[in-house]
Structure formats: structure tokens, C-alpha cells
Amino acid sequence: MGSHRTLRRALFHGAAYGAAAAFSVALTRISGGFAMFWIATALIVPGLLARPPRQWWPTILACALASMAVTGWLGLGWRAGPVLALANCGEAIVAALIVRAAHRRYRSYASL
């Protein structure tokens, strides 16, 4: 049962990430360049923070696939997809790790 819940959560995060990425790419690309406003990472960081890091990989994989699809279809093309997926998902992982470290130190998210 837990693995089904993990898969559903990962697919939900991947779909939300893809929708947010598509929104950002469709509305904030200037002259065919990078999206100027990226909200997709902000959607998955709280989901990562709610779980231990060993449970992050299904969500990261789903979001990376969504990122590659959006980049391929709407963004800079299929060759840029894997590179940007790595950068975008790496950003989410680093952000979650930084917030976790700050929380361990200060013991409260309110003090941030």
C-alpha cells in the first residue's frame, strides 16, 4: 500500500511540476530564451521536505521527466531537456537540503 501511495504522490508532483513549468515557459520566455519566472521548483520543495531524503527519488524522477517533456515540447528543445531537468531538479534538492539544515539548527520554520 505504501508504494502505491508513493507512486501516486510522485505522479501528482510530476503533473503539478509539468503544469507549472509549462505555464512558466509559455508565459515568461522572451525571444525564445529561458523562462524568466520559474515556479515549478516551489511546488515540489515542500513535498520533499515532508519526507525523508531516501523517499525523494520517485518525486524527483517524475519531475525530471516532466521537465524534459516541457523543455522538449515548449522550451529550448529535446537536446536541452536532460540538462535543464538536471539543473531544475538539482535546484529543488539543494533548496530542500538547505531548508532541512536550517530547520535542524533553529528547530522552527518560523525563525527563518
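One structure accompanies this document, and this report is about it.

Scanning the model with the defined rule gives 1 cavity of 30 Å³ or more in all. Approximately 40 Å³ is the volume found for the largest cavity. If you trace the largest cavity, you find it lined by Arg9, His13, Gly47, Leu48, Arg51, Gln55, Trp56 and Thr59. At the level of secondary structure, the elements contributing two or more residues to the lining of the largest cavity comprise helix H1 (2-28) and helix H2 (40-49). Taken together, the residues of the lining of the largest cavity sort by class into 2 nonpolar, 4 polar and 2 charged.

Approximately 180 Å³ is the volume found for the largest pocket. Class assignment for the residues of the lining of the largest pocket results in 6 nonpolar, 4 polar and 1 charged.

Ranked by internal contacts, the top residues of the largest apolar core, which has 19 residues, are Tyr17, Leu48, Trp56 and Ile60. Of all the secondary-structure elements, those providing two or more residues to this core are H1, H2, helix H3 (57-74) and helix H4 (81-106). Setting aside its immediate chain neighbours within four residues, leucine 48 contacts Trp56, Thr59, Ile60, Ala92, Ile93 and Ala96.

Criteria and cut-off values
- Residues numbered from 1 in each chain as written.
- Predicted model: local features only at pLDDT ≥ 70, side-chain atom pairs only at ≥ 80, totals over all residues.
- Heavy atoms only, no water.
- 1 Å grid on protein atoms, 1.4 Å probe; cavity = no way out; pocket = protein on both sides within 12 Å on 5 of 7 lines; lining within 4 Å.
- Points joined across faces, edges and corners; volume = space filled by probe spheres on them.
- Helix = DSSP H or I, 4+ residues; strand = E, 2+ residues; numbered from the N terminus.
- Nonpolar A, V, L, I, M, F, W, Y, C, P; charged D, E, K, R; others polar.
- Core = buried A, V, L, I, M, F, W, Y, C linked by side-chain atoms within 4.5 Å.
- Buried < 20%, exposed > 50% of the residue type's maximum accessible area, 1.4 Å probe, protein only.
- Contact = heavy atoms within 4.5 Å.

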